[in-house]
Amino acid sequence: MYQDTWIFARDIAEFDETAIPLLSADPAANTLLLTTFARLRRHGSHAFGEADPQLAVWFGGDGRPGGAVVRTPPFGYLLSHVPAEAAEAFAELMLAADTGLDGREVNLPDTVLEPFVAAWTARTGNQPRAAERQRLYRLERLVAPDPAPAGRIRPADSGDVPLVARFLEEFWAEVDYTQPPGSLVNPQRVAQARIEEGLFRVWCDGADRVVSLAGHAPIVAGAGRIGPVYTPKDARGQGYAGAATAAVCRALLDDGAEEVLLFTDLANPTSNALYQRLGFRPVGDRIRLELADRPAPGCGLIRR
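Keep in mind it's a predicted model, so treat the numbers as computed, not measured.

A. Layout of the pattern of salt bridges. This model, assessed by the stated rule, comprises 18 salt bridges. Here aspartate 16 and arginine 41 are joined by a salt bridge, their closest N and O atoms 3.1 Å apart. Of this pair, aspartate 16 sits in helix 1 (residues 12–18) while arginine 41 sits in helix 3 (residues 31–43), placing them 25 residues apart in sequence. Take aspartate 16: its relative accessible area is 25%, and that puts it in the partly exposed class. Arginine 41 sits in the partly exposed class, given a relative accessible area of 43%. Salt-bridge contacts for aspartate 102 lead to arginine 71; the nearest nitrogen and oxygen are separated by 2.9 Å. Pair noted here: aspartate 102 is in the loop between helix 4 (84–95) and strand 5 (105–109) and arginine 71 is in strand 3 (residues 65–71), with a separation of 31 residues, a long-range link. Taking relative accessible area as the criterion, aspartate 102 reaches 53% and is therefore assigned exposed.

Rendered as C-alpha cells:
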C-alpha cells in the first residue's frame, strides 16, 4: 500500500480509476484537472502536444488517493487541492533527477501556494513568480442583463471558424497568453474543434453581425465551466458579453449541469464585477507560477 507519496499513473486508464473518483467528488475545485483529463480521455494522449501526459496521484497516510497532478506537455502542471506535505513533496519530486518533470509552470490552489513555494525556494534558492492569479466563481442564481442588448445567441457553425479563430487570437493577446513551443493548440484548431463539439456560441447584434464569443468546457462530473468570453474592442460597452454569458449559463443548465463555473483574472476588475452582477459568487483562487531557474539535476541540491 502506498503512503505519503506521489505515484505516477501508468496510463490514462489507471489515472481514470485511481484519481478521477476523488476529483469528481469536488467538481468545482477540480474543474481544470477534470476538463483537461476529459479531453485526454476523448482525444487521446496527444490531444495537447506530441509528448505523453504526466499523471500522478498523491496517496496519504491512510493509503488512499488524496490529490492529483495533471500535465499535458508542453503546458504546465495542474495541481489539485492537497495537504501541505503533498505540495512540498511535489516540489521535491519536480527537482529529482530521474522523474522527467521538466515543466516550468505550475497552476495550483492558493491553499497550497505557501508550502510549495517554501519547498521550491529552499531547494533551489530561487523563488517562483506569480504570473497570474485567477478566481473561480460558481453561479448561485442567474440574473440576466435587463435590459438585454439587441440581438440573439446561436451556436457557432463551420462558417464561423475564421472569425472565431481571430477572436481567440485577439483574446489570447489581450491576456498575454502565448502557446508554448510544441503545442498542438492554436486558434484555428481550437475554433474548428470546439465548434464541431458544440462548445462555442456567438452573439449576433440586431444586424446579425457576430459581436461576441462565449465558450464552455464539456460538462464533467455535473459541472460546466464557461470560457472564453470575448468581445472585440469595437463592440464593447453594449452588454454583449454579459448577455452571451447568461445565455451559455442557461444552455449548460438545460443540458443538465448541476454547477456552472467560470474563472476570471483577478487583475481585471471589469470582468469580476460583470460576473458577480450575473449571479456568480467566489469559490477560491488559483495561482499560475513561473518556476525560477533550477539547478542541474543532481548537482548541489539543498536537502532538508
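After that view, the rundown keeps rolling.
B. Highlighting the sheet that holds strand 9 (residues 210–216). Spatially, twelve strands are ordered 1-2-3-4-5-12-6-11-10-9-8-7 in an open sheet, and the strand pairing comes out mixed. With one partner strand each, in any of the chains shown, strand 1 (5–8) and strand 7 (152–155) form the two edges of the open sheet. For this sheet, the mean inter-axis angle between neighbouring strands, taken without regard to orientation, is 25°. Both strand 2 (residues 54–59) and strand 3 contribute to a ladder of six bridges, which runs antiparallel. Each bridged residue has a counterpart across the sheet, and for glutamine 54 the counterpart in strand 3 is arginine 71.

C. Quick peek at the nonpolar core. Membership of the largest hydrophobic core comes to 44 residues, with the highest contact counts inside it found for Phe15, Leu55, Val164 and Phe200. Sequence-distant contacts of phenylalanine 15, that is, excluding residues within four places in its chain, are made with Ala9, Ile20, Leu23, Phe37, Leu55, Ala56, Val57, Ala68, Val69 and Val70. Counting 26 residues, the second-largest nonpolar core is a separate cluster that includes Val82, Ala87, Ala91 and Val112.

Rules used throughout
- Residues numbered from 1 in each chain as written.
- Predicted model: local features only at pLDDT ≥ 70, side-chain atom pairs only at ≥ 80, totals over all residues.
- Heavy atoms only, no water.
- Salt bridge = Lys/Arg side-chain N within 4 Å of Asp/Glu carboxyl O.
- Helix = DSSP H or I, 4+ residues; strand = E, 2+ residues; numbered from the N terminus.
- Buried < 20%, exposed > 50% of the residue type's maximum accessible area, 1.4 Å probe, protein only.
- Pairing = 2+ DSSP bridges.
- Axes fitted to C-alpha atoms, helices over the stretch in contact; angles between N-to-C directions.
- Core = buried A, V, L, I, M, F, W, Y, C linked by side-chain atoms within 4.5 Å.
- Contact = heavy atoms within 4.5 Å.

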